[in-house]
Amino acid sequence: MTRKPRRLVPLFLAAALGLTACTNAVGGAPTGVDIGPLTTAEATAAALTSFAESAATRYQGAFKASDGSDFTVDVTATSTSEVFGSITVDKLGATIVVLDKTLYLKGAPEFWAAMAARFGVSSGDGTALGNRWVKLPTVLLGIEFADILTPALVSQTAGKVTEGADDGLPATTTAAGTVEGLEIPVDGGKVYLAKDAPHGVVAIALDEIGSAENTKAINLVVAVTDVSSTINKIYSDLAAQAKNELVTSVDALTTITQGGNRFEACGPPSCTLFVDVTNPSKKAVKVHLKVDWTGDNAPLGSCEQTVGPVQPGASATMSCAITTPEWVSFHQRANTVPGSHPYGAVWTALALADPPDAAPLQERGAAKPADAKAATDGEKGHAVYKISFAGGVWKYGVVAARYWRDQAKVQLRGCLGTTRSVCTSSLVTTAENPVSAFALATQLVATYKQEKGACPAGQWVSCPK
């Protein structure tokens, strides 16, 4: 039986084809793609994206309320909408705290005297409310600070570049209030970027910002400074203020009726003032009595008492005793030096507002940095991500976990343009508590700076300037 010869043609054909391909190859060396400078649109989008990631931003500047009142501000706003600092309203100064979108103001008697008509608060010459924390509805002030200054909302209101989107950044800086930056027209007004990379936002000018007509700001021009690296201290300080100061804030819209009063047991050690009060409102409130004493037309000190809750329509008798060394000296002088020695007291009985809840602030203030090695869920909580290139980390960022890929994508061109290297983004970890995420990012930036002598090249947030 004869065998058929094996067919070797396909092998020969394959070899022949291979030889043909080598013969026809084109010689030469590969060339790199030219990476041009960042366009205005690219640089601005990256800068506003970074700005929106700030855990806390300080604003210094001015704007008008919708009713035309002039405001100046030096305040800090957090990503969770707390606001604190100092303001002026038509050149009258006050200290401000906003917690859980509740407004607290503290001003001198002159501030409250001038604001009485504006707020509809019965403050008379301002003495009753002067130098005390007062809780007010934000609509009375005419500005909802939590709506207009939260970093992510400011970034969103600024919007996209409107002119020269495909051009490079301006060559010269322009003044914006007290700072200078590269002026970029955007949908909401103008954004001013730092001249040097990573071109972070240094000032913002917006035509208007706010979600309601009666609490929005117009013609806002503010210098901005990232203070994210101090976020734990910010929350710890706010918690302490809520527990120690705001706990006795006045509810200016609830009036307490004051009745009879009398002095009793005024002797060498002390003197007591009794005041009858009634709560005419429709809700139960605590009532705070503060008494300033004088003797021989000189101050002798103060005393305070809180009672209640006093039920709607109910009455109570409050008392306050002066026991200061000044009173003891006055009483001794009055009994040994011939002549008239008048003494008296000026008092106010005011309804107290419900105190703010300090627990969430304490929890955030005590938050530890998230564990970078822990298992992560990229869709829950707050994400810490990083943008990397061949030379290492270009930037760390923090954002709601479900947005981190989109957030990072906007900034990859900035990384490519400054490093001339392929850039990638990756998730570091996620944390339920946003402050834990910010604290980790701050820690990572600080470690990088310690090792390299500078923050990552693309880092604006959590890198003190």
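Undergrad: What exactly am I supposed to notice about the overall build of the protein chain here?
TA: Per the secondary structure count, the protein chain includes 11 helices and 21 strands. For the protein chain, the share of sequence-separated contacts (at least 6 apart) that also reach a separation of at least 24 residues comes to 61%. As displayed, the protein chain has an accessible area near 23100 Å², and 54% of this comes from carbon and sulfur atoms.

Undergrad: What is the right way to read empty space enclosed by the protein from this model?
TA: Leftover empty space is mapped by rolling, across the atoms, a probe with the size of a water molecule. With the rule as written, the count across this model stands at 3 cavities of 30 Å³ or more. A volume near 150 Å³ is recorded for the largest cavity. Together, 15 residues line the largest cavity, and A46, A47, P198, W394 and G458 are the ones closest to its centre. If you list the elements that add at least two residues to the lining of the largest cavity, you get α2 (40–52) and α10 (404–419). No other element matches the 4 residues that α2 contributes to the lining of the largest cavity. What the second largest cavity holds in volume is close to 60 Å³. Contributing to the lining of the second largest cavity are F51, S54, T57, V201, V224, T225, D226, W460 and V461. It is strand β11 (residues 217–226) that provides the largest number of residues to the lining of the second largest cavity, a total of 3 residues.

Undergrad: Can you help me understand the state of the cysteines in this one?
TA: Two cysteines form a disulfide when their sulfur atoms are joined by a covalent bond. A full pass over the atoms with the stated rule returns 4 disulfides. Disulfide pairing is shown between C266 and C271; the S-S distance is 1.9 Å. Classification of C266 as partly exposed rests on a relative accessible area of 29%. Owing to a relative accessible area of 0%, C271 belongs among the buried residues under this scheme. Across the disulfide from C303 sits C320; the S-S distance is 2.0 Å. Of this pair, C303 sits in strand β16 (residues 298–310) while C320 sits in strand β17 (residues 315–322), and the two are 17 residues apart along the sequence. Counting only the cysteines that take part in disulfides, in the order they occur along the protein chain, gives the pairing 1-2, 3-4, 5-6, 7-8.

Undergrad: How should I be thinking about the nonpolar core in this particular structure?
TA: The biggest cluster of nonpolar side chains holds 49 residues, and the ones touching the most others in it are Y59, F63, F71, I87, L105, F145 and V201. What I87 contacts, discounting residues up to four positions off in sequence, is F71, T72, V73, V75, L92, G93, A94, I96, L105 and F145. Core analysis: the next-biggest nonpolar cluster, separate from the first, contains 33 residues, I231, Y235, V393 and A437 among them.

Undergrad: Just checking my understanding: could you explain the sheet that holds strand β1 (residues 56–65) for this structure?
TA: Where strands meet in a sheet, backbone hydrogen bonds hold them as pairs that are either parallel or antiparallel. Reading across from one edge, β7-β8-β9-β10-β11-β1-β2-β3-β4-β5-β6-β12 is the order of the 12 strands in this open sheet, with mixed pairing throughout. A strand with exactly one partner marks an edge of an open sheet, and here the two such strands are β7 (174–176) and β12 (250–251). Pairing of strand β10 (residues 201–209) with β11, which is carried by 6 bridges, proceeds in the antiparallel orientation. In the strand pairing of β11, E208 is matched with I218.

Undergrad: What's the story with the environment of L141 in this structure? I'm lost.
TA: Along the chain, L141 falls in helix α4 (residues 138–141). Since its relative accessible area comes to 0%, L141 is described here as buried. Spatially, the C-alpha atom of L141 lies 8.9 Å from that of V89, the residues being 52 residues apart in sequence.

Undergrad: Got a minute to help me understand the pairing of strand β13 (residues 257–264) in this structure?
TA: Looking along a regular strand, one sees the side chains alternate between the two faces of the sheet. Sheet topology note: the β13/strand β14 (residues 271–278) ladder contains 6 bridges and is antiparallel. From the neighbouring strand, N261 faces β14, where its bridge partner is V275. Where β13 folds back on β14, the antiparallel hairpin that results is connected by 6 residues, among which A265 adopts a positive phi of roughly 50°.

Undergrad: I'm lost on the layout of surface pockets in this one. Help?
TA: As a volume, the largest pocket reaches approximately 780 Å³. T49, A52, A152, S155 and Q407 are, among the 28 residues lining the largest pocket, the residues nearest its centre. Those elements that place two or more of their residues in the lining of the largest pocket are α2, α6 (151–158), β20 (392–400), α10 and α11 (434–452). In the lining of the largest pocket, the residues fall into 15 nonpolar, 10 polar and 3 charged. Space inside the second largest pocket adds up to approximately 330 Å³. Lining of the second largest pocket is provided by 18 residues; of these, D251, L352, A353, D354 and P355 occupy positions nearest its centre. Those elements that provide at least two residues to the lining of the second largest pocket are β6 (133–136), β15 (285–295) and β16. Among the residues making up the lining of the second largest pocket, the classes are represented as 10 nonpolar, 3 polar and 5 charged.

Undergrad: When you look at the environment of A77 in this model, what are you seeing that I'm missing?
TA: Relative to the assigned elements, A77 resides in strand β2 (residues 70–78). What makes A77 buried here is its relative accessible area of 0%. For the pair A77 and V98, spaced 21 residues apart in sequence, the C-alpha to C-alpha distance is 9.1 Å. In this view, A77 contacts A55, A56, T57, Y59, E82, V83, L149, T150 and P151; residues no more than four positions away in its chain are not counted.

Undergrad: Would you mind showing me how to read the packing of α2 against α10 here?
TA: How two helices pack is summed up by the angle between their axes together with the distance between the axes. Running from N to C, α2 and α10 cross one another at 140°; their axes reach a closest spacing of 9 Å. One element, α2, and the other, α10, form an angle in the oblique class. The chirality of how α2 crosses α10 is left-handed. Mapping the contact onto sequence places E42, A45, A46, T49 and S50 in α2 and Q407, V410, Q411 and R413 in α10.

Undergrad: What is the right way to look at the sheet that holds β14 in this model?
TA: An order of β13-β14-β17 is seen for the 3 strands of this open sheet, with the pairing classed as antiparallel. Each end of this open sheet is capped by a strand with a single partner; those strands are β13 and β17. Pairs of neighbouring strands in the sheet enclose a mean axial angle of 20°, with direction left out of account. Looking at chain direction, β14 and β17 are connected through 8 bridges and run antiparallel. Note that in β17 the partner of C271 across the bridge is I322.

Definitions and limits used
- Residues numbered from 1 in each chain as written.
- Predicted model: local features only at pLDDT ≥ 70, side-chain atom pairs only at ≥ 80, totals over all residues.
- Heavy atoms only, no water.
- Helix = DSSP H or I, 4+ residues; strand = E, 2+ residues; numbered from the N terminus.
- Contact = heavy atoms within 4.5 Å.
- Areas by Shrake-Rupley, 256 points an atom, 1.4 Å probe, with all protein chains shown as cover.
- 1 Å grid on protein atoms, 1.4 Å probe; cavity = no way out; pocket = protein on both sides within 12 Å on 5 of 7 lines; lining within 4 Å.
- Points joined across faces, edges and corners; volume = space filled by probe spheres on them.
- Disulfide = S-S within 2.5 Å.
- Buried < 20%, exposed > 50% of the residue type's maximum accessible area, 1.4 Å probe, protein only.
- Core = buried A, V, L, I, M, F, W, Y, C linked by side-chain atoms within 4.5 Å.
- Pairing = 2+ DSSP bridges.
- Nonpolar A, V, L, I, M, F, W, Y, C, P; charged D, E, K, R; others polar.
- Axes fitted to C-alpha atoms, helices over the stretch in contact; angles between N-to-C directions.
- Parallel < 35°, antiparallel > 145°, perpendicular 65-115°, else oblique.
- Left-handed = near helix turned anticlockwise from the far one by under 90°.

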